[in-house]
Amino acid sequence: KKMVYYFGGGKAEGSADMKMLLGGKGANLAEMTNLGLPVPPGITITTEVCKDYYKLGKQFPEGMWDEVLEGLRKIEKEMGKKFGDKENPLLVSVRSGAPVSMPGMMDTILNLGLNDETVEGLAKSTNNERFAWDSYRRFIQMFGNVVMGIPHEKFEEVLEEKKREVGAKQDVDLSAEDLKDVVKRYKELVKRETGREFPQDPYEQLKMAIKAVFDSWNNPRAIKYREINKIPEDYGTAVNIVAMVFGNMGETSGTGVAFTRNPSTGENEFYGEYLKNAQGEDVVAGIRTPQPLTKAQKTSQEQTSLEEEFPEVYKELLKIRDILEKHYREMQDIEFTIENGRLWMLQTRTGKRTAKAAVKIAVDMVKEGLISKEEAILRVDPSLIDQLLHPMLDEEDRKRAKAEGRLIAKGLPAAPGAVSGKVVFTADEAVELAEKGEKVILVRHETSPEDIHGMHAAEGILTARGGMTSHAAVVARGMGKTCIVGAESIHVDYDREEFRVGDVVVKKGEVITIDGSTGEVFHGELKTIPAQISGEFEELMKWADEIRTLQVRVNADTPEDAEQGRKFGAEGIGLCRTEHMFFKEERIPVVREMILAKTQEERERALEKLLPMQREDFIAIFEVMNGLPVNIRLLDPPLHEFLPRTEEEFERTAKEMGLPVEELKKRAEELHEVNPMLGLRGSRLGITHPEIYRMQARAILEAACICKRNGVEVLPEIMLPLIADEKELHELKKLIDDVAAQVFLEMGVEVPYQVGTMVEVPRAAVIADKLARDAEYFSFGTNDLTQMTFGLSRDDAGKFIGKYVELGILKGDPFIHIDEEGVGRLIEMAIELGNATRPGIKTGICGEHGGDPRSINFFQKVGVKYVSPSPFRVPIARLAAAQARI
Ligand code: ADP
Ligand code: MG
Ligand code: MG
C-alpha cells in the first residue's frame, strides 16, 4: 500500500476528501495544490503508517523510508535545491496532522536540514547571513525542544541572556554575529542536557522528527485533548514534510494567519493578523504583537496593515479567499507566508468560530447561495448555541462599575459572554477550585496546550498577550468559553500569585468579571442578564422549525420559567412539578400540617388551605401558556422531604401546629423510610392518601375553568408519577375523572383535559399496552427510568461512573446521553405497545435527556412526539430536532 503522497507543481496525489488517510492538513494542502494555489511542494506520510508504526512497537514499516526519499527527490526537483546540500540546501518543515485538528499535539519543526555546513550555504545562496543563522538557532531550539525534550525555557533563557548582553530589545534586533553565538550556546545546552551532540546529519534529523510526530500522538496533552473532544484513539496522525518558505528574510517578508470571515462576529469581512520578518508560530505565540490584515481592522494609527504594506500580496490573498470560500463553501482559517514579496499558502482548514459567528455565517451563506438551509442547520453545533443564550452584562451595572473605576483593563474580545469568577493563575488550580463548585477565571500571560484542562474547568480565560488567533482565543472559542486575550496593560506575576494593572493589584481568589464581547475586565462581580433570540439566530431557528417534526416543550414549574421557555419557542409545558410549589416558604407550614395530620379530617383541613394556593399557581401558568398544552405532574417526592430537619425547625413547626415537640418528632420518625426513593412516593401517595391528589386535581381543573371563563385557552394534562401497574393507574384515573365531573358541574364550565402516566419504572414500559387503556399519553421520565433500569442511584453514581467510562464499560454517562440499548429499548418498546392499544398515542420525554442533542436524535428515530428540556435548552432542542430529521 502507498505510504507517502506527494503534492507540488500544481498537482497533488491526494485531495480534501482523504482526511482520514492524510490528516486534515495534508488533505487540504493537496486540495489547495490542485486548485492551483501557491503551495510549497511536500509529502504526506499517511495515518496508516502511524498505526503500523505502533503495531511494530514504534518502528517505521518497511519501505516507508524509501518512499520518503523518493518524495524528497521530487521536492528537490520542484524547488531546485538539494536536501543537505552545502551550496543551496533545501530545508523542510515537519508537521503533524491528524484527521481532526488537534492543538494538543506535536509542535511543528521548521528549518529542518540545517547544520554547521548547510547554514553557511543558506547564508551564501540567499546572500543573507543574519537570516541563515536566525533560521539555524530557531531550528535547534524547536528540534531540541520537540524532538530531544529539552524544556523550551532553557533556550529562552539563553536567548534572553544574549539579548541583555548586547542590549537587544527584540529577537529581530540580534545581528548575525549575535545569532552565531546563540547557536553555539544552544549546541552546548543540548550537549549538557542530553549528553549528545546536536544531530548534524539532515537525514537523521528527518528520521528523528518523523518518529517524534508519531510519538506525539500519545503524549499526555494529545490524549487529554482527544478525551475532551471525543476523538477516537485509533485515528493516528499523518506527517507532512513541506519545503520551507521563509518569512524571516527581512522587511519584505512576513507570516500571517487569516479567517475568510470574522470568526468572532461572523461578519463577511477578511480578518487576520501578520508579522513582518517572522516565521511560523511567531504570530500566535505572542512574541511580538501582530499587525492587522486590513485597513478596516486597524484600531490605532501606529498599526500598519498588510493591505497597506504589501498591496500586491493583499490583492492575491483576496483572490485566494474567494477561491477557497467558493470551493469549500465554508469559512476558512488560513496560514500564509510572504518570502521576499512572494505569497505562499501553508494551510487551510475550516475556521473555528463563536456560536454567534457560526449562526451568522451559516445564514449568510444560504443567502449567498453557497449552501442550503439544511446544510446551514447542520453547520451549527447545538451545544454551542448555548453561548448565544449566554448572559450579557447588565448595561446599567456596566456604567456604574465604570463610574466607580472598576473597569481595570481592556483586551481583545476573543469569545463572547459575560462571566464572573475567582482569579486563578494555573490550570491545576482552576480544576481544583471548579471541582469544589467555585467559578474561576484563569488568568495567564498566554495559554498553551498544557492549559487545556484548566481552560475547560474555568468560566472564562484572560490573557495578557496574544492576538485573536492566539492559542487561548482559538481554544476558548472552540470550547464556548468566554475569553479575553492580549490585555497588555495587565502584568501577571505568577510568583506572587497576583496581577497588576497600574496600581490596582488583584490577588488570587479575588473576583473579577470579564466581558468577552467587549474585551472589558472589571474588578468584582457585575450583574448579568440573559440573552435574547434575534436576527440571524431567529432566522435559523425558523428554518429549524420548518424542518423538524419532533415537538419541543419546556419543563417549567413557575410562570417565570414558562415565560422564558415560551420566549425560546417552547410549544407547551412537558413537565410542571407541583412539589416545587409546595416548597415556598409561606406554604411549608401548611404542607407540614397536611403531612403530619393524624386523622383524615385534619389532613383535609390542611389541604383546604393549600387548594387556593395551588389554584393561583396554575392560573398564572395557564395564562402564560395560553393556547398550549400544560402537563402537570401530581405530587411525586416522599413526604418526609418536607419535614423539619433541624432542632430549630422542629421547635418552630411544633409551635405553629400547637403540638408538643416530642409528638412531632415521633410523627416524623414514623414517616422515616429506609429507602425513600423506592418508598411511599409518586402515585403510591395518591393510593394511600387519595385526598392529596383529589385536592391537586381540583386545583388544576378549577384553575382551568376559571381561565376558560376569562377567555384563556387551556389544555391541561394531568400526569400520574411512578405508575407501575394498570390497576393503580385505573384507580387514580377514576379519582381524577370523578373530581373533574364534580368541578365542571359546580363551575358550569367544561374543559378538555387528559390523564396520562409517567413511564419511569421499567415495569411500566413492559406493560405499556395495558397502561394505554387508561393513559391518554406517556411521558418518559428518563432520569428515573435510567436510574431504575441500571439500578444506579443518580445521586451516588458520580463517585464511580467515571471509572466505568474510563474503562470503556460505559460509553458515556447514561444520565447525560440516553443509553440506547437498554433504557432506549424500553422506550421504543413502550411506544410500540402503547400504539397497539391506543394508535397514535402521544409520547414525550421529560428528563434531562430531552435537552441533549445526541439523545434527541435517538428519540426522533423511535418516534417520540415531543421532548421537554429546561428553558435554556429549548433552542438547542429545536435545532437538534431539525438536525435529527436531516
Ligand atoms: P499547527 O498545526 O500548529 O498549525 P503547522 O504545521 O501548521 O502547525 O505549522 C506551524 C507554523 O509553521 C505555521 O505558522 C505554519 O504556517 C508554519 N510553517 C509550517 N510549514 C512551513 C513551511 N514549510 N514554510 C514556512 N512556514 C511553515
Ligand atoms: Mg497550522
Ligand atoms: Mg421521577
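Just so it is clear, the structure is predicted and the values come from calculations on it, not from any experiment.

Quick notes on the overall build of the protein chain
Working step 1: In terms of regular secondary structure, the protein chain is built from 35 helices and 35 strands.
Working step 2: Across the 886 residues of the protein chain, 57% fall into the buried class.
Working step 3: The long-range share in the protein chain, meaning contacts at least 24 apart out of those at least 6 apart in sequence, stands at 68%.
Working step 4: Surface summary for the protein chain: the accessible area is close to 36,900 Å², and the carbon and sulfur share equals 49%.
Working step 5: Of the side-chain charges in the protein chain, 120 are positive and 148 negative, and the distance between the mean point of each set is 2 Å.

Thoughts on the packing of helix α19 (residues 535-547) against helix α35 (residues 874-885)
Working step 1: One can describe the packing of α19 onto α35 by two numbers: an axis separation of 8 Å at closest approach and a directional angle of 50°. One finds that α19 runs oblique with respect to α35. The hand of the α19/α35 crossing is left-handed. Contacts between α19 and α35 involve Phe-537, Leu-540, Met-541, Ala-544, Asp-545 and Ile-547 from the former and Pro-875, Arg-878, Leu-879, Ala-882 and Arg-885 from the latter.
Working step 2: A per-class count over the contact of α19 with α35 returns eight nonpolar, no polar and three charged.

What about the coordination of the magnesium ion (ligand 2)?
Working step 1: Protein coordination of the magnesium ion (ligand 2) is provided by Glu-335 (OE), Glu-335 (OE) and Gln-347 (OE1), with donor distances spanning 2.0 to 2.6 Å. With Glu-335 in strand β12 (residues 332-339) and Gln-347 in strand β13 (residues 342-350), the pair connects residues that are twelve residues apart, well separated along the chain.

Some remarks on the nonpolar core
Working step 1: In this structure, Phe-622 and Ile-827 are the most contacted members of the largest nonpolar core, which totals 128 residues.
Working step 2: The element best represented in this core is helix α27 (residues 690-709), accounting for eleven residues.
Working step 3: In this structure, Met-3, Val-4, Val-68 and Ala-132 belong to the second largest nonpolar core, which totals 63 residues.

Thoughts on the site of ligand 1
Working step 1: Residues in close proximity to ligand 1 total 14 residues, the closest being Lys-25, Ser-93, Arg-95, Thr-108 and Gln-347.
Working step 2: In the model, an oxygen atom of ligand 1 is placed 2.6 Å from a nitrogen or oxygen of the Arg-95 side chain.
Working step 3: Taken by itself ligand 1 offers 540 Å² of open surface, and the protein chains cover 89% of this.
Working step 4: Considering only residue class, the shell around ligand 1 consists of six nonpolar, four polar and four charged.

Describing the packing of aromatic side chains
Working step 1: For the structure shown, the criterion picks out 20 aromatic pairs.
Working step 2: Measuring from ring centre to ring centre gives 6.4 Å for Phe-778 and Phe-780, while their planes differ by 75°; the resulting arrangement is edge-to-face.
Working step 3: The class of Phe-780 is buried, set by a relative accessible area of 0%.
Working step 4: Ring geometry for Phe-800 and Tyr-804: centres 6.5 Å apart, planes at 65°, overall edge-to-face.
Working step 5: Take Phe-800: its relative accessible area is 35%, and that puts it in the partly exposed class.
Working step 6: Members of the aromatic cluster, connected to one another through ring pairs, are Tyr-53, Tyr-54, Phe-60 and Phe-214.
Working step 7: Its guanidinium or amino end placed over the ring of Tyr-866, Arg-553 lies 4.0 Å from that ring's centre, counting from NZ or CZ.
Working step 8: Taking the ring centre of Tyr-777 as reference, the NZ or CZ of Lys-842 above it sits at 5.5 Å.

Side note on the coordination of the magnesium ion (ligand 3)
As a benchmark, a tetrahedral metal site with four donors has ideal angles of 109.5 degrees, while an octahedral site with six donors has ideal angles of 90 or 180 degrees.
Working step 1: Every protein donor of the magnesium ion (ligand 3) is accounted for by Glu-760 (OE) and Asp-784 (OD), and the metal-donor separations fall at 2.1 to 2.2 Å. Taken together, the residues Glu-760 in the loop between β32 (754-759) and α29 (762-766) and Asp-784 in helix α31 (residues 782-790) connect sequence positions 24 residues apart.
Working step 2: Residue Glu-760 is classed as buried on the basis of its relative accessible area of 2%.

Topic: the pairing of strand β8 (residues 238-243)
Working step 1: Summarising burial for β8: six of the six residues are buried, a large majority.
Working step 2: Where burial is concerned, the two faces of β8 agree: the one with Ala-238, Asn-240 and Val-242 and the one with Val-239, Ile-241 and Ala-243 are both buried.
Working step 3: Note that strand β3 (residues 42-45) and β8 share four bridges and pair antiparallel. Bridged to Thr-44 within β8 is Asn-240.
Working step 4: In this structure, strand β6 (residues 92-97) lies alongside β8, joined through six bridges in antiparallel fashion.

Quick notes on the packing of helix α24 (residues 647-657) against helix α25 (residues 661-671)
Working step 1: It is the contact of α24 with α25, at a shortest axis distance of 9 Å, that shows an interaxial angle of 110°. One finds that α24 runs roughly perpendicular with respect to α25. Within the contact between the two elements, α24 uses Glu-647, Phe-650, Glu-651, Thr-653, Ala-654 and Met-657 and α25 uses Val-661, Leu-664, Lys-665 and Ala-668.
Working step 2: Grouping the amino acids of the contact of α24 with α25 by side-chain chemistry returns six nonpolar, one polar and three charged.

So, the domain arrangement of the protein chain
Interface size is commonly expressed as the accessible surface area that is lost when the partners come together.
Working step 1: Taken domain by domain, the protein chain consists of domain 1 (254-353) and domain 2 (391-529).
Working step 2: Of note, the centres of domain 1 and domain 2, computed from C-alpha atoms alone, are 26 Å apart.
Working step 3: Every contact between the two is made by twelve residues of domain 1 and, on the other side, 13 residues of domain 2.
Working step 4: The contact between domain 1 and domain 2 buries some 1,000 Å² in all, and 55% of this surface belongs to carbon and sulfur atoms.
Working step 5: One can count zero salt bridges joining domain 1 with domain 2.

Remarks on a nonpolar patch on the surface
Working step 1: Together, Phe-800, Tyr-804, Leu-807 and Ile-809 make up an exposed nonpolar region whose accessible area comes to about 400 Å².
Working step 2: Relative to the elements of secondary structure, Ile-809 occurs in the loop between α32 (801-806) and α33 (823-837).
Working step 3: The exposure class assigned to Ile-809 is exposed, which follows from its relative accessible area of 56%.

Let's talk about the sheet that holds strand β33 (residues 777-780)
Working step 1: Here nine strands make up an open sheet; going across it, the order is β27-β35-β34-β33-β32-β31-β30-β29-β28 and the pairing parallel. Every interior strand has two partners, whereas the edge strands, β27 (551-552) and β28 (554-555), have only one.
Working step 2: Across two bridges, β28 lies against strand β29 (residues 573-577) in parallel orientation. Note on β29: the bridge partner recorded for Val-554 is Ile-573.
Working step 3: Helix-sheet contacts for α33 involve β33 and β34 (842-845), and the interaxial angle to β33 is about 175°.

Calculation notes
Residues numbered from 1 in each chain as written. Chains lettered and ligands numbered in written order. Predicted model: local features only at pLDDT ≥ 70, side-chain atom pairs only at ≥ 80, totals over all residues. Heavy atoms only, no water. Helix = DSSP H or I, 4+ residues; strand = E, 2+ residues; numbered from the N terminus. Buried < 20%, exposed > 50% of the residue type's maximum accessible area, 1.4 Å probe, protein only. Contact = heavy atoms within 4.5 Å. Areas by Shrake-Rupley, 256 points an atom, 1.4 Å probe, with all protein chains shown as cover. Lys, Arg positive; Asp, Glu negative; His and termini not counted. Charge placed at Lys NZ, Arg CZ, Asp CG, Glu CD. Axes fitted to C-alpha atoms, helices over the stretch in contact; angles between N-to-C directions. Parallel < 35°, antiparallel > 145°, perpendicular 65-115°, else oblique. Left-handed = near helix turned anticlockwise from the far one by under 90°. Nonpolar A, V, L, I, M, F, W, Y, C, P; charged D, E, K, R; others polar. Donors = N, O, S within 2.8 Å, 3.2 Å for Na, K, Ca; no water. Core = buried A, V, L, I, M, F, W, Y, C linked by side-chain atoms within 4.5 Å. Near = heavy atom within 4 Å. Polar contact = N/O pair within 3.5 Å; in protein donor to acceptor, adjacent residues only side chain to side chain. Phe/Tyr/Trp six-rings, centres within 6.5 Å; stacked < 30°, edge-to-face > 60°. Lys NZ or Arg CZ within 6 Å of the ring centre and 35° of its normal. Pairing = 2+ DSSP bridges. Domains from an automatic or database assignment. Buried area = accessible area lost by both parts, 1.4 Å probe. Salt bridge = Lys/Arg side-chain N within 4 Å of Asp/Glu carboxyl O. Patch = residues over 30% accessible without salt bridge, like charges linked within 9 Å, V, L, I, M, F, W, Y side chains within 5 Å.

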